[in-house]
Amino acid sequence: MEIGVPKENKDQEFRVGLSPSSVRVLRENGHSIFVETQAGNGAGFSDDDYKTAGAEIVPTSEKAWNRELVVKVKEPLTSEYKFLQKEQILFTYLHLAADRKLTENLIDCGTTAIAYETVEQPSANRLPLLTPMSVIAGRLAVQFGARFLERQQGGRGVLLGGVPGVKPGKVVILGGGVVGTEAAKIAVGMGAIVQILDVSVERLSYLETLFGSRVELLYSNSAHIEAAVIEADLLIGAVLVLGRRAPILVSRELVKQMRPGSVIVDVAVDQGGCIETLHPTSHTNPVYIEEGVVHYGVPNMPGAVPWTATQALNNSTLPYVVQLANFGIMALEVNPALAKGVNVQNHRLVHPAVQEVFPDLVN
């Protein structure tokens, strides 16, 4: 099969869909890989690295896109819609619930669009291709939050770990899944006061075995959220509802009650975000101040650490890419987890969660 790897065009997105080591595995399976020139530069992989692994370097995005299987990291941008075609398989993060325009274009063109974030192992109820980036995003959320708490960056001037004689900063995390857990690990390691709120008592019990008394674990309801958010120096949105828009948990009125210079980092922004006042930003312009609070809403946070993130992503995606290359569309019958990842196929919106978001697009 011919596999295309275009260069990512999202603002300061330096990850790449396939690493040279993944290309080598696919070549060993008899496939041809076409990598757009400089696609891997930002992640530390040169064109020569890809050539050595067996890829052909192509000069334009069009030549990388014009293949049976296209492997990316982020969703196609408007400038790339023209490359979408029927009988093509697109394998990437899509987050369609927050992007009606892309959803409509994928339906119109007839591409089989498989989203990393909805590939699901049914028996384990796991999202194997979302997990590695969630780990990285959770860890980065605290790293970025600590940075923007600095006074020169517009924050309150709070050191999360505090110093002897001065209390530490307080980190409030909405959601105790992978993102929230990883954020808590970093926040605890920095010496911050940490609270996690989640609606699953079972998950909270698990987190207690992980953190013990180092993290305050609260059942997530409006009263607990309000009390926690008002006292937060750093508020992290870490809410995931598979395939759907994230629910708004923090209203504008609640943001107004936060201390001036506090920081919000919403990792759920690529699914619409769970903070009413937060909208997507970019690595070039990552923050803005609203209601006196610093808002960070970069939807491709792991793009800041592309060397680590590309390899972590490939470690998880490669087995699925190999199956798609070996079996084509029949891989969906071979692997039920891949089948659950299909969002659009044969001009139809097929993923149940995305259908609930856009019922008028279901035919």
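In what follows, the structure referred to is the one given above.
Residues numbered from 1 in each chain as written. Predicted model: local features only at pLDDT ≥ 70, side-chain atom pairs only at ≥ 80, totals over all residues. Heavy atoms only, no water.

Caption draft 1: Local environment of the overall build of the chain. Assigned secondary structure in the chain consists of 13 helices and 15 strands. Taking 2.2 N^0.38 as the reference for a compact globule, 363 residues should give roughly 21 Å; the C-alpha atoms of the chain span a radius of gyration of 21 Å, in line with that estimate. Overall size of the chain, expressed as C-alpha extent along the three principal axes, is 65 × 45 × 35 Å. A total of about 15,000 Å² of accessible surface is found on the chain, and carbon and sulfur atoms cover 50% of it. The positive charge centre, built from 31 side chains, and the negative charge centre, built from 38, are 3 Å apart in the chain. (Helix = DSSP H or I, 4+ residues; strand = E, 2+ residues; numbered from the N terminus. Rg over C-alpha atoms; globule rule 2.2 N^0.38 Å. Areas by Shrake-Rupley, 256 points an atom, 1.4 Å probe, with all protein chains shown as cover. Lys, Arg positive; Asp, Glu negative; His and termini not counted. Charge placed at Lys NZ, Arg CZ, Asp CG, Glu CD.)

Caption draft 2: Region of interest: the sheet that holds strand β15 (residues 348-349). Strand order in the open sheet made by the 8 strands is β3-β2-β1-β4-β5-β6-β14-β15, with mixed pairing throughout. Of all the strands in the sheet, the pair left with one neighbour each is β3 (56-58) and β15. As paired elements, strand β1 (residues 2-5) and strand β2 (residues 32-36) share 4 bridges and run parallel to each other. Of the residues in β2, the one forming a bridge with Val 5 is Val 35. Contacting β1, β4 (69-71), β5 (89-92) and β6 (112-115), helix α10 (residues 306-327) crosses the sheet at an angle of about 175 degrees to β5. (Pairing = 2+ DSSP bridges. Contact = heavy atoms within 4.5 Å. Axes fitted to C-alpha atoms, helices over the stretch in contact; angles between N-to-C directions.)

Caption draft 3: View of the side chain of Glu 182. Within the secondary structure, Glu 182 sits in helix α6 (residues 178-190). By relative accessible area, which is 8% here, Glu 182 ends up buried. Contact partners of Glu 182, with chain neighbours within four places excluded, come to Val 135, Gly 138 and Arg 139. (Buried < 20%, exposed > 50% of the residue type's maximum accessible area, 1.4 Å probe, protein only.)

Caption draft 4: Structural view of the packing of α6 against helix α7 (residues 201-211). Close contact between α6 and α7 brings their axes to 12 Å; oriented N to C, the two are set at 25 degrees. Taken together, the axis directions place α6 and α7 in an arrangement best described as roughly parallel. The chirality of how α6 crosses α7 is right-handed. On the side of α6, the interface is formed by Val 178, Thr 181, Ala 184, Lys 185 and Val 188, while α7 contributes Arg 203, Leu 207, Leu 210 and Phe 211. Its residues placed into classes, the contact of α6 with α7 shows 6 nonpolar, 1 polar and 2 charged. (Parallel < 35°, antiparallel > 145°, perpendicular 65-115°, else oblique. Left-handed = near helix turned anticlockwise from the far one by under 90°. Nonpolar A, V, L, I, M, F, W, Y, C, P; charged D, E, K, R; others polar.)

Caption draft 5: Representation of the pairing of β6. Alternating residues of β6 divide into Thr 112 and Ile 114 and Ala 113 and Ala 115, and every residue in both groups is buried. Both β5 and β6 contribute to a ladder of 4 bridges, which runs parallel. Opposite Phe 91, over in β6, you have Ile 114 as the bridge partner. Crossover handedness for the path β5 to helix α4 (residues 100-109) to β6: right-handed. (Right-handed = clockwise from strand over helix to strand, strands pointing away.)

Caption draft 6: Region of the structure containing the sheet that holds strand β12 (residues 287-290). Pairing in this open sheet of 7 strands is mixed, and the strands run β9-β8-β7-β10-β11-β13-β12 from one edge to the other. On the outer flanks of this sheet lie β9 (215-219) and β12, each paired with one strand and no other. Across this sheet, the average inter-strand angle for adjacent strands is 20 degrees, counted without regard to direction. When strand β10 (residues 234-237) meets strand β11 (residues 263-266), the two strands line up parallel, connected through 4 bridges. Looking across to β11, one finds that Leu 234 is bridged to Val 263. In the packing of helix α5 (residues 131-148) onto the sheet, contacts are made with β10, β11, β12 and β13 (293-296), and the angle to β10 comes to roughly 150 degrees.

Caption draft 7: View of unusual backbone geometry. In this model, Gln 38 sits at a positive phi of 70 degrees, which is unusual for a non-glycine residue. Its place among the elements puts Gln 38 in the loop between β2 and α2 (47-53). Even without being a glycine, His 347 presents a positive backbone phi close to 65 degrees. In this structure, His 347 sits in the loop between β14 (342-345) and β15.

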